[in-house]
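Working through the structure, step by step
Here is how the chains run, residue by residue.
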Amino acid sequence: MERLNSKWIATVASIWIQCSIGGTYTFGIYSSTLKSTQNYDQSTLERVAVFKDIGGCTGVLSGLLYSFVTLDRHRRRCFCGPWVVLLTGAILSFVGYLFMWASVVGLIHRPPVALMCLFMFTVAHSMTFSIPADNVTGVRNFPAHVGTIVGLMEGYLGLSGAIIIRVYDALFKGNPSNYLLFLAVYPTSVSLLLMYFVRIHDTNSEDDKKHLNAFSVAALTMVAHLMILIILESIFTLGTWERIVTFIFLLLLLASPLGIAFRAQREDSKRLILSQTVSTEGNSTVHINPEPIESMENHDQLPSDDARQVKTTVDENIIRIEENMNLLQAICTGNFWLLFIAMACDWDRWSLLSSVASEISGVGHLGTIVNTFAIASPIGSYIFSVRIVGYLYDKAAAASGEKNHVLALIASCYLL
């Protein structure tokens, strides 16, 4: 069991969870079924879809929960750790998809539109619990490679939509209602099975970068496989058996990070044994004469040692303050608002954002702070898309006439 308790196994568990939670990216598969069974028009369906975006951008509560259950003073308690956040996200995902499936197949009476919007919000909001639990735990386990580990997690999250679509093609082609039930069960089951392996390990190794790069190579291999498969499907018509074979190969690619983790653990174990051997040999050959030590007690060496100890204590306190900077403390800094504005302008990339945020405020409350930045995205979208682009479009359309809307929009954009 000790072999399964390491930061490498935690990374693999996080990768697999990330690969399972991208159901909201496949909304187009079941949207037509949702529209027909609930008698929605296109406007109503789009209203429901909007809550998918809103739910995915309001993750402050999940960040606060992660910060609370992973603080050092809480980590030794039974009901604390990243698994609590993953469990919460799994429950929300299951409840949201289950009620959507029950509405589609007629197990429950057709819910009001507002209630369906709540189901969609719940489904999307569940991702804000799983993503910080995986990303921030990775940052805590690899503090020297923040950009690499966050980029890795976000990359597998982006692949999750394509992976789940492969599952749909292989098992649920033409049956979106059963696919909704699958979305209720699959991500929840993966999170429940793997959540106890996602833990914080305060260890560091000089070869961490090499093994993280191996994870990245595995992700790129999966990208190449999916890209080739998409190209082949656009040229040829794949039968059921072809889809099943390609899906099995995809599962093998998903299992490859486990081999990387075992190899990394084996090298870390060898390095630890070697260091312990060297330390033991060194202690056996060094002989200490106690008399010089006693004679040094009355010399002027002690004040300098005290000064060094005081300086070390001050440095540790500064680091501890930075690591425990909470949301309110971060909001009071100018760097926070610079990043918030960048997020609103859609300049962000999650890997870069998390790296910068961890440098500014530490990792103690990184989940809360990063999820707060996510709120800026819909705000920026509203300002630029509705207030600015929409205003320019309407103004240009009014000046050019009803028949030249498209030309007016193109002209106004180029004039900017």
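Residues numbered from 1 in each chain as written. Predicted model: local features only at pLDDT ≥ 70, side-chain atom pairs only at ≥ 80, totals over all residues. Heavy atoms only, no water.

1. Looking at the pattern of salt bridges
For clarity, the threshold we go by: Salt bridges are identified by distance alone: a Lys or Arg side-chain nitrogen within 4 Å of an Asp or Glu carboxyl oxygen. Here the term buried applies to any residue with accessible area under 20% of the maximum for its type, exposed to any over 50%, and partly exposed to those in between, with areas from a 1.4 Å probe on protein chains only. Note on conventions: DSSP H or I runs of at least 4 residues are helices, E runs of at least 2 residues are strands, and numbering of each starts at the N terminus.
Under the criterion given, the structure shown has 7 salt bridges. We note a salt bridge from Lys-52 to Asp-53, for which the minimum N-O separation is 3.5 Å. On the accessibility criterion, Asp-53 (45% relative accessible area) is partly exposed. The salt bridge involving Arg-166 is made with Asp-169; its shortest N-O contact spans 3.3 Å. You can see Arg-166 and its partner Asp-169 sitting in helix α7 (residues 146-171), 3 residues apart, about one turn around the helix. For the pair Arg-166 and Asp-169, one class covers both residues: buried. One salt-bridge network, in which partners are shared between bridges, spans Arg-166, Asp-169, Lys-173 and Glu-233.

2. Description of unusual backbone geometry
For Asn-39, which is not a glycine, the phi torsion comes out positive at approximately 55 degrees. Considering the arrangement of structural elements, one finds Asn-39 in the loop between α2 (27-37) and α3 (42-57). Residue Asn-39 is classed as exposed on the basis of its relative accessible area, which comes to 58%.

3. Structural notes on the confidence of the model for the chain
Defined as follows: How sure the predictor is of each residue is captured by pLDDT, a score from 0 to 100. Contact definition: two residues touch when any of their heavy atoms are within 4.5 Å.
On average, residues of the chain score 79 in pLDDT, and 72% of them reach the 70 mark or higher. With pLDDT under 50 throughout, residues 286-303 is counted as low confidence; its partners more than four residues away or in other chains account for 2 contacts. Taken as a whole, residues 306-322 scores under 50 in pLDDT and shows 2 contacts with residues more than four places along the chain or in a different chain.

4. Some details on the packing of α7 against helix α8 (residues 176-194)
Where we set the bar: Helix axes are fitted only over the stretch in contact, all axes being lines through C-alpha atoms; the angle between N-to-C directions runs from 0 to 180 degrees. Note on terminology: angles under 35 degrees are roughly parallel, angles over 145 are roughly antiparallel, angles of 65 to 115 are roughly perpendicular, and the others are oblique. Handedness of a crossing follows from how the near helix is turned relative to the far one, being left-handed for an anticlockwise turn of less than a right angle and right-handed for a clockwise one. Throughout this entry, Asp, Glu, Lys and Arg are counted as charged residues, while Ala, Val, Leu, Ile, Met, Phe, Trp, Tyr, Cys and Pro are counted as nonpolar. The remaining residues, Gly among them, count as polar.
Across the interface, α7 lies against α8 with an axial gap of 11 Å and an inter-helix angle of 130 degrees. Considering their axes alone, α7 and α8 lie oblique with respect to each other. The hand of the α7/α8 crossing is right-handed. Across the interface between the two elements, Ile-164, Val-167 and Tyr-168 of α7 pack against Pro-176, Tyr-179, Phe-182, Leu-183 and Tyr-186 of α8. Counted by class, the contact of α7 with α8 contains 8 nonpolar, no polar and no charged residues.

5. Concerning the nonpolar core
Definition in use: Within this scheme, the nonpolar core is defined by two criteria: the residues are buried Ala, Val, Leu, Ile, Met, Phe, Trp, Tyr or Cys, and they are joined through side-chain atoms within 4.5 Å.
With 52 residues, the main nonpolar core has Ile-149, Tyr-156, Phe-215 and Met-222 as its most contacted residues. Of all hydrophobic cores here, the second largest spans 29 residues; its members include Leu-45, Cys-117, Leu-180 and Ala-184.

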